[in-house]
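Letter by letter, the chains look like this.
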Amino acid sequence: MKFWTKSLMSRLVVYFLLLSVLTVFFMGAIAFQSAKTSIQQLVFDRLEVTATLKEEALNLWVENQKNATVSLAQLPDLQTAAEILLTANSSSQEWRDAYTQIKQYMASALAAKPELLEVQLLTATGGQIIFSTDPQSERQYRFKEKYFQEGRYHTFVQNVYFSSHTNKPTLTISTPLKGSDQDIFGVLVAHLNLKKMEEIVFDKTGLGKSGETYLVDRSQMFVTAERFGRNDFPIRVNSLGIEAALAGKDGHKMYLNYAGIPVIGVYRWLDQQQLALLVEMHQSEADAPAHRLAWIILSVGLTSAVLLAIGVYILARQITRPILAITETAIQVSDGDFTLVAPVITDDEIGQLAIAFNRMTRQLRRLYAGLEEKLALLQHKEMQLKDSLNQLKTEKKISELQKNQLTQAYREITLLNQRLKTENLDLMAELRVQNQRLYQLLEAIPLGVIVLDATGKLYYTNQVVQELLGAEILFSDPPLQLNVYSNSPSETKNPYVLENLPIFKALHEGIGSIDKLEVEHLDRIVPLQTWGTPIYDESGQIVYAIGVFQDITERRRAEEERQQFIEEMFEINCNLELALDEEEQLTDAAGRFVPNQFLSFLGYESLVDVKSGDAVQKEMSILFSDIRSFTQMSEQMTPEDNFKFINAYLSRMEPAITENRGFIDKYIGDAIMALFGGSADDAVKAGISMLQRLTEYNLTRQRPERPPISIGIGINTGDLMLGIVGGQHRMDSTVISDAVNLGSRLEELSKRYGIPLLISEHTFLRLEDPNVYCFRVIDKVRVKGKSEMVSVFEIFDADPPILYQKKVATKTLFEQALTLYHLEAFPESAQCFEACLRENPSDQVAQIYLQRVIQSLSM
């Protein structure tokens, strides 16, 4: 605060900076408010456009489904078959033929129009369902349903409602079926799949990260394809936008949405669908550009204000520099420095002030110099007196201290002499007690102890030494001979030099020990372990040496037994490891002939447990593959080259199967039969991977003697018997089922249609998400021995890029042509197939169907 009141330059700079900051904040606030208003209007316009597009798309989608239902009902063949079905006797052959024909028509219609969930034919009186694409609905009555009551007179669209039969949201279109005399004999009802409507509504394109569109019915519940309500909001929802839309109003405003989040929303009441459509975006995301603009203005403004403040600071510094120089000199002079001179920078009043200040400083400097000389003389005299006084006091303290120390020392010496006399007597008595205890301890320990003095003469031995060595022999005068040997694993006994014992070496070399030593005493050999340790006096000289001897007979026996046990266990472990290696090699070899997965399905862990006749029923996917024109290729190769080629091909195909959780059941020449016990997706992914690996393999076969190869793959899914067949001396694993025969049949069909990968409808229906793959319907085939027709699908994910793109581009056109073919609309079907071939001339399936259509037209 003092700096603020005394600094002229700081006040100038701060005042200017405050004015600049206030101006910048004011401009930023105006810009932010203006930008926010404009951006919100743009967001309202964008949401209005989105709501309009979605409303039109929903109306168009419903209208298209209505027209498609009417067109289906007006097909002549369908009307003829439906009239027979609804009016004839159900036990007649004519009725059964009509039922089969209707079933084929409807199956084709469902395949071509995925928007159709279920199609039904109802009698005009009573509303009984005579035919339905869902057989479970047949023979039921719908006379109370609104779509039946209205559909008897005109085409009727019943908007989204809760179906008590499917427990799901449903949109139903009904139209009357009329005979040749325009009499109404039935009602055709189409229940639609609401997935497409959900895709139209929930598409967030152009709505940013927080944008959201949804439908709400009159009961204030979310409308989705699966159910009314959502998992995150299963109960009724409410907001100002929802209330306004349900009241039949169209508009836009800012409000809190159903989750309590501030949004900018557009609401519409869809009169045709009787639903409320809401398109919303979070206000935070909509206002983000305005916030960024305001921050940019503030940043630029503050930067400019700081730069201007620096300029003001430089200008103020130029103005106040002479005043500050005089002020600083005056402060230092007031602190006692009279040698300084204020700078004379200008000739104005400030310069005259500096000259007067300098004259005053010179006069003060002369007065202050005289005072300093007198003061220094007085301080010198005072210091001399203080030094003399301190020296006298120090000498007095030293003399008193020495006198006290002499008196105290005399008293301590007298007391010490008296204490020494008493302590010497006590120490002698304690020493005798300690020696007696030490002797008892040495005699009690189970080790032999010998003590020598510094000259090597015996000082002490305990009883254990007498028993082990016979110390009277070792240390007799003169000493008698004692046989001492170093313990060696060889049979030869090497005499040991007594002077090398640790007890003798301790007198010269310090601590030592010997782990292996043998002594012959009293006609027996004793294995010993011995240590030697020197004892030092206060001056560090060796005065004694202590030797310790231990009988290690029992320890040696235990070590020998342990060594023998280790050797025996080592031999057993070696034999066991060899046996385990052989068993592992045998298991690996057996696994190449009978897959471990096959044994696992049968509940076995080892091939040894398998018995003939063991079988289990399981749903599996079966994959068959075969090399096309292999017979012609093999005729041009030697048997050895043929064998090498087969192994090279199969080794590349096997990983594609095993990596997708499948296993090869058997090789049939160049053919492969593989099984997949998991999902059907594993088999389809394996087939795609096999074709991709074949493409890589063909890159290495670009020579005339090694032409590229092609294969066909068929996949089917169903129940089969998995088991072991054979007799006592020869068994084999196999699978038996119609599903296996159909898989082999599909592989044969792939050659006819020139398609690498075909799957059955059984496999297609068991895929977790068929839309993950690129597929198209190819044909319906009849299983040998069965009357049932099975749909066949092509999977073309592994096709070359150009062919893949053309099949994707013509998929809708191809399926439309196939539907018209099955409806026997041959002229229209031919036009579609020709258009398909113009886009993709290499489409062999389209060529086959075009030939069939031409043959049908010529008949």
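Before going into details, it helps to say that this report is about the structure given with it. (Residues numbered from 1 in each chain as written. Predicted model: local features only at pLDDT ≥ 70, side-chain atom pairs only at ≥ 80, totals over all residues. Heavy atoms only, no water.)

Moving on to the overall build of the protein chain. Along its length, the protein chain carries 23 helices and 24 strands. By the burial criterion, 39% of the 859 residues in the protein chain qualify as buried. Long-range pairs, those at least 24 residues apart, make up 56% of the contacts in the protein chain between residues at least 6 apart in sequence. Surface accessibility of the protein chain: about 51300 Å² in total, with carbon and sulfur atoms responsible for 56%. (Helix = DSSP H or I, 4+ residues; strand = E, 2+ residues; numbered from the N terminus. Buried < 20%, exposed > 50% of the residue type's maximum accessible area, 1.4 Å probe, protein only. Contact = heavy atoms within 4.5 Å. Areas by Shrake-Rupley, 256 points an atom, 1.4 Å probe, with all protein chains shown as cover.)

So, on to a nonpolar patch on the surface. A cluster of nonpolar side chains, Val 306, Leu 307, Ile 310 and Ile 314, forms an exposed patch at the surface whose accessible area comes to about 370 Å². Mapped onto the fold, Ile 314 is located in helix α9 (residues 288-334). For Ile 314, a relative accessible area of 48% translates into the label partly exposed. (Patch = residues over 30% accessible without salt bridge, like charges linked within 9 Å, V, L, I, M, F, W, Y side chains within 5 Å. Salt bridge = Lys/Arg side-chain N within 4 Å of Asp/Glu carboxyl O.)

Under the definition given, this model contains 13 salt bridges. A salt bridge links Glu 659 to Arg 693, with the shortest nitrogen-to-oxygen separation between them at 2.8 Å. Taken together, the positions of Glu 659 in the loop between α17 (639-658) and β18 (662-668) and Arg 693 in helix α18 (residues 680-698) put the pair 34 residues apart, joining distant regions of the chain. One salt-bridge network, in which partners are shared between bridges, spans Arg 776, Glu 794, Asp 799, Lys 807 and Asp 843.

Before going further, it helps to spend a moment on the state of the cysteines. Using the criterion set out here, one finds zero disulfides in the structure. Of all cysteine sulfurs, the one in Cys 836 lies closest to Cys 832, which takes part in no disulfide; the gap is 9.1 Å. The exposure class of Cys 832 is buried, given its relative accessible area of 11%. (Disulfide = S-S within 2.5 Å.)

The phi dihedral of Ser 629 is positive, around 60°, even though this residue is not glycine. For Ser 629, the position within the fold is in the loop between β17 (615-627) and α16 (630-635). For Ser 629, a relative accessible area of 48% corresponds to the partly exposed category. Phi is positive for Glu 824, close to 65°, though the residue is something other than glycine. Checked against the element boundaries, Glu 824 lands in the loop between α21 (801-822) and α22 (826-839). Given the relative accessible area of 52%, Glu 824 is considered exposed.

Turning to the pairing of strand β4 (residues 169-178), a few remarks are in order. When you tally the buried positions in β4, you get nine out of 10 residues, the bulk of the element. Where strand β3 (residues 156-162) and β4 come together, five bridges link them in antiparallel fashion. Residue pairing across strands places Phe 156 opposite Ser 174, the latter belonging to β4. Here β3 hands over to β4 after six residues, with Asn 167 in that stretch at a positive phi of 60°. Both β4 and strand β5 (residues 184-192) contribute to a ladder of eight bridges, which runs antiparallel. Bridge pairing in β5 links Thr 172 to His 191. As consecutive antiparallel partners, β4 and β5 are separated by five residues, and within that stretch Gln 182 has a phi angle of approximately 65°, a positive value. (Pairing = 2+ DSSP bridges.)

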